[in-house]
Amino acid sequence: MEFYIELLLTVHLIDQQKLPEAISCAEFAIHRSIECGQKRSAEPIVAKVYFYFARAHELSGTLASIRSQLHSRLRTTTLRKDHEGAAVLINLLLRSYLEQSLYEQAHRLVSKCSFPDQASNGQWARYLYYLGRIQATQLEYSEAQTHLVQALRKAPQHGAVGFKQTVNKLLIVVELLLGDIPDRALFRQPQLRATLLPYFQLTQAVKTGNLARFGEVVENFGAKFQAENTWSLIIRLRHNVIKTGIRMINLSYSRISLVDVAQKLQLDSAEEAEYIVAKAIRDGVIEAVIDHERGFVKSREIADLYGTLEPMRQFHQRIKFCLDIYNQSVKAMRFPPKSYNKDLETAEERREREQQDLEYAKELAEDDDDDFA
């Protein structure tokens, strides 16, 4: 009861912008839980105290100063098998690292800590989002996309609009980096339409391969992208825009000079266009050959797609996605502990039942003999 009152007082002080008092109140509750011990029933409340303790420090700009304290409490909660407390503390540490762009330290924490399966869906959603951010920064776009989609599935169906907006922004950029185009229906959702408008314009620029349009979007919304921690990923999209433009030129022209390619892609020189086209050919983006002497690009006939390994890769990706959803659904199911065997009989009870059945069978056999006699 005392922990709950202290939690309510901490939240009230944060709402009133009395951050030093909120920090002191949360610290008092945490120290009391360490010195006096805490019951299992109080673990979810103490976990929320950890969260608001870190939130008060974050609003004060001193979140990094409590990192060692969070690590110490994480060790204690892990040893006590406090799953909710451990989940909250891992997420708070990841948030602390990502706030200062310490992606290497965050990756090291993820690799050395196992996130508890018994954690609530809210903590799982936060953890998967942080994991997606780390992997996107480390160029692991496929894994980042998978974890971001899972974070959206773990999020509440109704509410948590801000969290869904943040995850969708990062997911759109990751999908563009993978060469995919997000579904247009995503940008039409009422709760996402306004906040995703810059990303919709960015998607249009990448889809059409318009480098000038891409530059305009980056220039107009650069401050917004930096505030939303997607700027470093969006800068990488320039290569995707160029690749898309080269692919469209390859489909439109059977033969085109490198000077015209440079003009269409708004590059500085034909030599730069030649380098970019050669790299696209090597990466398998287009099927073409370059005539260096005459200075033109000649497209090859498109081979039968079904004669390649691409359909198998697509099927493998979709099957893996379905299996991941199944595994996550199984993990999300909860059952009362040891409820499956409460109605099962013990070995002694089974022996008694078999003995009774044997005696009953003998009595029946004796009654049949008496009837014949």
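Quick summary incoming for the structure in this document. (Residues numbered from 1 in each chain as written. Predicted model: local features only at pLDDT ≥ 70, side-chain atom pairs only at ≥ 80, totals over all residues. Heavy atoms only, no water.)

1. Things to note about the side chain of Thr195
Structurally, Thr195 can be placed in the loop between helix 10 (184-187) and helix 11 (197-208). According to the relative accessible area criterion, Thr195 is buried, its value standing at 14%. At 3.0 Å, the side chain of Thr195 forms a polar contact with the side chain of Lys169. (Helix = DSSP H or I, 4+ residues; strand = E, 2+ residues; numbered from the N terminus. Buried < 20%, exposed > 50% of the residue type's maximum accessible area, 1.4 Å probe, protein only. Polar contact = N/O pair within 3.5 Å; in protein donor to acceptor, adjacent residues only side chain to side chain.)

2. Some details on the packing of aromatic side chains
Enumeration over the complete set of coordinates arrives at eight aromatic pairs. With a centroid separation of 4.8 Å and 65° between ring planes, the pair formed by Phe115 and Trp124 is classed as edge-to-face. The two residues Phe115 and Trp124 agree in class, both being buried. When the centroid spacing of 4.2 Å and the interplanar angle of 15° are considered together, the rings of Phe115 and Tyr127 count as stacked. Here Phe115 is found in the loop between helix 6 (103-112) and helix 7 (121-137), whereas its partner Tyr127 is found in helix 7, with 12 residues between them in sequence. Assigned by exposure class, Phe115 and Tyr127 land together as buried. Members of the aromatic cluster, each reached through a chain of ring pairs, are Phe115, Trp124 and Tyr127. (Phe/Tyr/Trp six-rings, centres within 6.5 Å; stacked < 30°, edge-to-face > 60°.)

3. Overview of the sheet that holds strand 3 (residues 296-299)
Strand order in this open sheet of three strands is 1-3-2, and the pairing throughout is antiparallel. A single partner strand is all that each edge strand has here, and the edge strands are strand 1 (255-257) and strand 2 (288-291). Shown here is a sheet whose adjacent strand axes are inclined to one another by a mean of 20°, direction ignored. Examined bridge by bridge, strand 2 and strand 3 share four bridges and lie antiparallel to one another. Following the sheet pairing, Val289 is matched in strand 3 by Lys298. Against the sheet, helix 16 (residues 258-265) makes contact with strand 1, strand 2 and strand 3, and its axis sits at roughly 80° relative to strand 1, the strand it touches most. (Pairing = 2+ DSSP bridges. Axes fitted to C-alpha atoms, helices over the stretch in contact; angles between N-to-C directions. Contact = heavy atoms within 4.5 Å.)

4. Structural notes on a positive patch on the surface
Side chains of Arg184, Arg188, Arg193 and Lys207 sit close together on the surface and give a patch of like positive charge. Here Arg193 lies in the loop between helix 10 and helix 11. (Patch = residues over 30% accessible without salt bridge, like charges linked within 9 Å, V, L, I, M, F, W, Y side chains within 5 Å. Areas by Shrake-Rupley, 256 points an atom, 1.4 Å probe, with all protein chains shown as cover. Salt bridge = Lys/Arg side-chain N within 4 Å of Asp/Glu carboxyl O. Lys, Arg positive; Asp, Glu negative; His and termini not counted. Charge placed at Lys NZ, Arg CZ, Asp CG, Glu CD.)

5. Observations concerning the pattern of salt bridges
One pass over the full model with this rule turns up five salt bridges. Ionic pairing is found between Glu228 and Lys169, a salt bridge with its closest N-O pair at 2.8 Å. Within this pair, whereas Glu228 is found in the loop between helix 13 (222-227) and helix 14 (231-235), its partner Lys169 is found in helix 9 (residues 161-177), the two being separated by 59 residues in sequence. Lys169 matches Glu228 in its accessibility class, with the two residues each being buried. For Asp357, the salt bridge goes to Arg353, with nearest N and O atoms at 3.7 Å. Of this pair, Asp357 and Arg353 both sit in helix 19 (residues 347-372), four residues apart, roughly one helical turn. When salt bridges with common partners are traced through the structure, they connect Lys169, Lys224 and Glu228 into a single cluster.

6. A short note on the nonpolar core
Here is a general trend for soluble globular proteins: nonpolar side chains tend to be buried in one another's company. By size, the foremost hydrophobic cluster in this structure holds 91 residues, and its most contacted members are Leu94, Tyr127, Tyr199, Phe214, Ile234, Leu237 and Ile246. Leaving out residues up to four positions away in the same chain, Leu237 has contacts with Val173, Leu176, Leu177, Leu202, Val206 and Phe214. (Core = buried A, V, L, I, M, F, W, Y, C linked by side-chain atoms within 4.5 Å.)

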